[in-house]
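# An overview of the molecular structure
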Amino acid sequence: MPIFLSFYPASSKAQRTSIGAPAADAIFPSSLPWIKGIAADFPDTNYAAYELPAGPGGQSTFSFINCWGIPQNSDTADAASSVVEFLTSDQAQLAAAAAFGVIPSTESAAATYAETFPENASFVASADYAVSPVNFAGSASAITDFNSKLEGFIGGVPKAILESLQTRLQATLDEANGQ
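Residues numbered from 1 in each chain as written. Predicted model: local features only at pLDDT ≥ 70, side-chain atom pairs only at ≥ 80, totals over all residues. Heavy atoms only, no water.

### Section: the packing of helix H6 (residues 139–151) against helix H7 (residues 158–176)
Quick note on the threshold: Fitting a line to C-alpha atoms yields each axis, with helices limited to the stretch in contact; the angle taken between N-to-C directions then spans 0 to 180 degrees. Secondary structure counts use DSSP, requiring at least four H or I residues in a row for a helix and at least two E residues in a row for a strand, with both numbered from the N terminus. Should an angle fall under 35 degrees it is taken as roughly parallel, and over 145 as roughly antiparallel, whereas 65 to 115 is taken as roughly perpendicular and any remaining angle as oblique. The contact criterion used throughout is that any non-hydrogen atoms of two residues lie within 4.5 Å. Residues are grouped as follows: Ala, Val, Leu, Ile, Met, Phe, Trp, Tyr, Cys and Pro are nonpolar; Asp, Glu, Lys and Arg are charged; every other residue, Gly included, is polar.
Taken N-terminus to C-terminus, the directions of H6 and H7 make an angle of 170 degrees; their axes are 9 Å apart at the nearest point. As the angle between them shows, H6 and H7 are arranged roughly antiparallel. The segment H6 lies against H7, with Ser139, Ser141, Ala142, Ile143, Asp145, Phe146 and Lys149 engaging Ile161, Leu162, Ser164, Leu165, Arg168, Leu169 and Thr172. Looking at the contact of H6 with H7 residue by residue, the classes come out as seven nonpolar, four polar and three charged.

### Here's the deal with a nonpolar patch on the surface
We count it as follows: Here a patch means residues that are over 30% exposed by relative accessible area and free of salt bridges, tied together within 9 Å if like-charged and within 5 Å if nonpolar (Val, Leu, Ile, Met, Phe, Trp, Tyr). For the accessible areas, the method is Shrake-Rupley and the probe is 1.4 Å, while residue cover comes only from the protein chains on display. A carboxyl oxygen of Asp or Glu within 4 Å of a side-chain nitrogen of Lys or Arg is what we treat as a salt bridge.
There is a patch of nonpolar side chains on the surface, built from Trp68, Val83, Phe86 and Leu87 and spanning about 380 Å² of accessible area. Structurally, phenylalanine 86 can be placed in helix H2 (residues 77–87).

### A word on the packing of aromatic side chains
Basically, it comes down to this: Pairing of aromatic rings covers Phe, Tyr and Trp, the last through its six-membered ring, and needs centres within 6.5 Å; plane angles under 30 degrees mean stacked, over 60 mean edge-to-face, and all others mean tilted. Whether a residue is buried, partly exposed or exposed follows from its accessible area with a 1.4 Å probe, protein chains only, as a fraction of its type maximum: under 20%, in between, or over 50%, in that order.
Within this structure, the stated rule accounts for one aromatic pair. Taking 5.2 Å as the distance between ring centres and 45 degrees as the angle between the ring planes, the aromatic pair formed by tyrosine 113 and phenylalanine 117 counts as tilted. Both residues of the pair, tyrosine 113 and phenylalanine 117, belong to the buried class.

### Here's the deal with helix H3 (residues 90–100)
Under the convention used in this document: Each direction from the helix axis to a C-beta atom contributes to the arc, which is the arc of those directions.
Those residues of H3 lying buried are Ala92, Gln93 and Ala97. Burial along H3 is one-sided: seen end-on, the buried residues are contained in an arc of 135 degrees. In H3, the exposed positions angled more than 90 degrees off the buried face are occupied by Gln91, Ala98 and Ala99. Looking at the buried positions of H3, the neighbouring elements they touch are H2 and helix H4 (107–116). Glycine 101, located one to two residues past H3, shows a positive phi value of around 85 degrees.

Keep in mind these values describe shape, not function.
Pasting the structure below:
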């Protein structure tokens, strides 16, 4: 995941993040600006979003999509098409971004979003090299294991956690491909 959010407590009192880890000097990876919601739960928490530097394979992040399907020969195909056209308009994309923090899917709305919300510009910039999330038979268990390791990350060794994920995902992918 390309974005790190660093949390610094506003006071010397110990705070806890929503994942249960102490907030002081914590680093929490996120690939979406929805993390802005932390402000509602922890209003005294300061955070910043940054693109991570490229790794050995270059830059990478996840991109999540929504899809709409219109049944062929449907009596409501024209109305459904109009709804989809509206939902993918810059106007609707920017309204959803303002309300929920999601990155607009159109390039023009994304550019406006980055200007309107400069604290989230790194999320928009990372869309240029985003890939679909891991999705193959058995991958969920490897991702669940990775997520559990992230929950206890403080004091952990990032390289070991990432190597464990890589090893487990590769083995699962090989098995899914019959190798």
